[in-house]
Amino acid sequence: MTVTIYDVAREAGVSMATVSRVVNNNPNVKPQTRKKVYEAIERLGYRPNAVARGLASKKTTTVGVVIPDIANVNFAEVARGIEDIANMYHYNIILSNADKRKDKEIRVINTLLEKQVDGLLFMGGAVTEEHVQAFRTSNVPIVLCATTDEQGTIPSVDIDHEAAAYDAVKQLIVQGHRSIAMISGTLQDPSNGFARYQGYKRALAEAGITYEENFVRIGNYKYESGIEATKYFLELEARPTAIFAATDEMAIGAIHCIQDYGLNVPADISVISVDNSRISSMVRPLLTTVAQPMYDIGAVSMRLLTKLMKKETVEQAKVTLPHELITRASVAAPKASK
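Naming follows an unreviewed UniProt entry, where the protein chain appears as Catabolite control protein A of Candidatus Cohnella colombiensis. Of the comments in the UniProt record for the protein chain, the one headed Function (unreviewed entry) reads "Global transcriptional regulator of carbon catabolite repression (CCR) and carbon catabolite activation (CCA), which ensures optimal energy usage under diverse conditions."

And the structure:
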């Protein structure tokens, strides 16, 4: 039979109120009494009823996390940062994969809110009006993690994606490249897609390089789309001397495609990206990339959410973390410049 708080109280020879105080870490319990209660809990194998405790306190100490792709190493690193800070503040995590599909994202948001989570962290692509409407039905705090809304009204933690892409393309230009292609994410995605595309265009414009539509292909952030886009570039009559990929995974697809064509990276074509995921240092040549601090994005997002849940003072609800260019071996001056 299920062991109840009444059984623990009887075993320890104390009141049920005392057991409740011990379970909830109330400091107003004598050490000797606390020890007796813990010993009774261990002997009986008692597990506190989280649902009942949540009903009594109107808190579940649970946070819902919506993640776009649980197989993506970047989001896994963000989730690690979230969980570490959640553990520090004694919150449990419900992690829900949304497969980068808006309909599933909305469904998952509503499901988590129905489970009476104390707060919600949302990682996804575009924050549409449907998302905002779902958020409005919530009476708990919500923080956007590794994304932002266009109006900037929802608390968020992210990097400046436009600036990160600009810095990547600028690195190619400094090396002497004038013929630079881009493998972009979907332009409906405000961060990995559109913002990084805008950064690419700004770097070209500032350097006086003409933007060419046939030097931009839209990918889906996956390795295979990096291969397909690069095949297109390599078949052009005047192929680019460098490729900027919006993500590491697409960049690695580009590197492998170039090598499959019998060409060398970076001697024939340079490749650069944004992310600095673990795989960027596993490919050969090592990938030059702009690092976004994925673990820190998760950790800072969760800390911001804890402040909102505890109604603490929040000085900055929109947090932009710094990015950093990581120079490795996939970028060199174009042959014509040597």
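Draft legend 1. Geometry of the overall build of the protein chain. When helices and strands are counted, the protein chain shows 12 helices and 12 strands. For 338 residues, the compact-globule estimate of 2.2 N^0.38 gives 20 Å, and the protein chain exceeds it by more than 25% at 25 Å. For the protein chain, the C-alpha atoms occupy an extent of roughly 85 × 40 × 35 Å along the three principal directions. For the protein chain, with 338 residues in total, the buried portion stands at 50%. Across the protein chain, every contact between residues at least 6 apart in sequence was considered, and the portion connecting residues at least 24 apart equals 71%. Accessible surface, the protein chain: about 16,700 Å² in total, of which carbon and sulfur atoms supply 50%. Positive and negative side-chain charges of the protein chain, numbering 38 and 38 respectively, have mean locations separated by a distance of 9 Å.

Draft legend 2. Spotlight on the nonpolar core. Ranked by size, the top nonpolar core spans 72 residues in total, and within it Y200, F244 and M302 carry the most contacts. Setting aside anything within four residues of it in sequence, one finds M302 in contact with V63, I82, I85, A86, Y91, L121 and M309. V108, L120, F122 and A134 belong to the second-largest nonpolar core, a separate cluster that totals 17 residues.

Draft legend 3. Structural context of helix 6 (residues 102–114). Between its first and last C-alpha atoms helix 6 spans 18 Å; for 13 residues at 1.5 Å apiece the expected length is 18 Å, and the two agree. Buried within helix 6 we find K104, E105, I106, V108, I109, L112 and L113. Check the buried side of helix 6 and you find it contacts strand 1 (62–67), strand 2 (92–97), strand 3 (119–122) and helix 7 (129–136). Backbone geometry just after helix 6 places Q116 at a positive phi near 65 degrees.

Draft legend 4. Main features of the sheet that holds strand 11 (residues 318–321). One open sheet accounts for 6 strands, arranged 2-1-3-4-5-11; its pairing is parallel. The open sheet has two edge strands with one neighbour each: strand 2 and strand 11. On average, adjacent strands in this sheet sit at an angle of 20 degrees to one another, irrespective of strand direction. As judged from the 4 bridges shared by strand 5 (residues 156–159) and strand 11, these two strands associate in the parallel manner. Directly across from S156, in strand 11, lies its bridge partner K318.

Draft legend 5. Representation of the environment of V117 within the structure. Within the secondary structure, V117 is located in the loop between helix 6 and strand 3. Given a relative accessible area of 3%, V117 falls into the buried group. Through-space distance from the C-alpha of V117 to that of D248 is 34 Å; in sequence the pair is 131 residues apart. Residue contacts for V117: discarding those within four places in its chain leaves T60, T62, V63, G64, I94, L112 and V140.

Draft legend 6. Structural context of the environment of N87. Summarising the element assignment, N87 is placed in helix 5 (residues 73–88). Taking C-alpha positions, N87 is 25 Å from P322, a pair spaced 235 residues apart along the chain.

Draft legend 7. Structural context of the side chain of T247. With respect to the helices, strands and loops of the structure, T247 is situated in the loop between strand 8 (242–245) and helix 11 (248–260). On the basis of relative accessible area, T247 is assigned to the buried category, the value being 5%.

Draft legend 8. Expanded view of the pairing of strand 4 (residues 142–145). Residues I142 and L144 line one face of strand 4 and the alternating positions V143 and C145 line the opposite face, and both faces are buried. For the segment spanning strand 3, helix 7 and strand 4, crossover handedness is right-handed. Two strands pair when backbone bridges link them, and strand 4 and strand 5 are joined in this way by 2 bridges, in the parallel orientation. Of the residues in strand 5, the one forming a bridge with L144 is S156.

Draft legend 9. A look at the sheet that holds strand 6 (residues 180–184). A sheet is described by the order of its strands in space; here 6 strands give the open sequence 7-6-8-9-10-12, paired in mixed fashion. A strand with exactly one partner marks an edge of an open sheet, and here the two such strands are strand 7 (216–218) and strand 12 (324–326). Averaged over neighbouring strand pairs, the angle between their axes works out to 15 degrees when direction is ignored. Examined bridge by bridge, strand 9 (residues 270–275) and strand 10 (residues 288–291) share 4 bridges and lie parallel to one another.

Definitions and cut-offs
- Residues numbered from 1 in each chain as written.
- Predicted model: local features only at pLDDT ≥ 70, side-chain atom pairs only at ≥ 80, totals over all residues.
- Heavy atoms only, no water.
- UniProt positions renumbered as here; feature names shortened; annotations may be inferred.
- Helix = DSSP H or I, 4+ residues; strand = E, 2+ residues; numbered from the N terminus.
- Rg over C-alpha atoms; globule rule 2.2 N^0.38 Å.
- Buried < 20%, exposed > 50% of the residue type's maximum accessible area, 1.4 Å probe, protein only.
- Contact = heavy atoms within 4.5 Å.
- Areas by Shrake-Rupley, 256 points an atom, 1.4 Å probe, with all protein chains shown as cover.
- Lys, Arg positive; Asp, Glu negative; His and termini not counted.
- Charge placed at Lys NZ, Arg CZ, Asp CG, Glu CD.
- Core = buried A, V, L, I, M, F, W, Y, C linked by side-chain atoms within 4.5 Å.
- Expected span 1.5 Å × (residues − 1).
- Pairing = 2+ DSSP bridges.
- Axes fitted to C-alpha atoms, helices over the stretch in contact; angles between N-to-C directions.
- Right-handed = clockwise from strand over helix to strand, strands pointing away.

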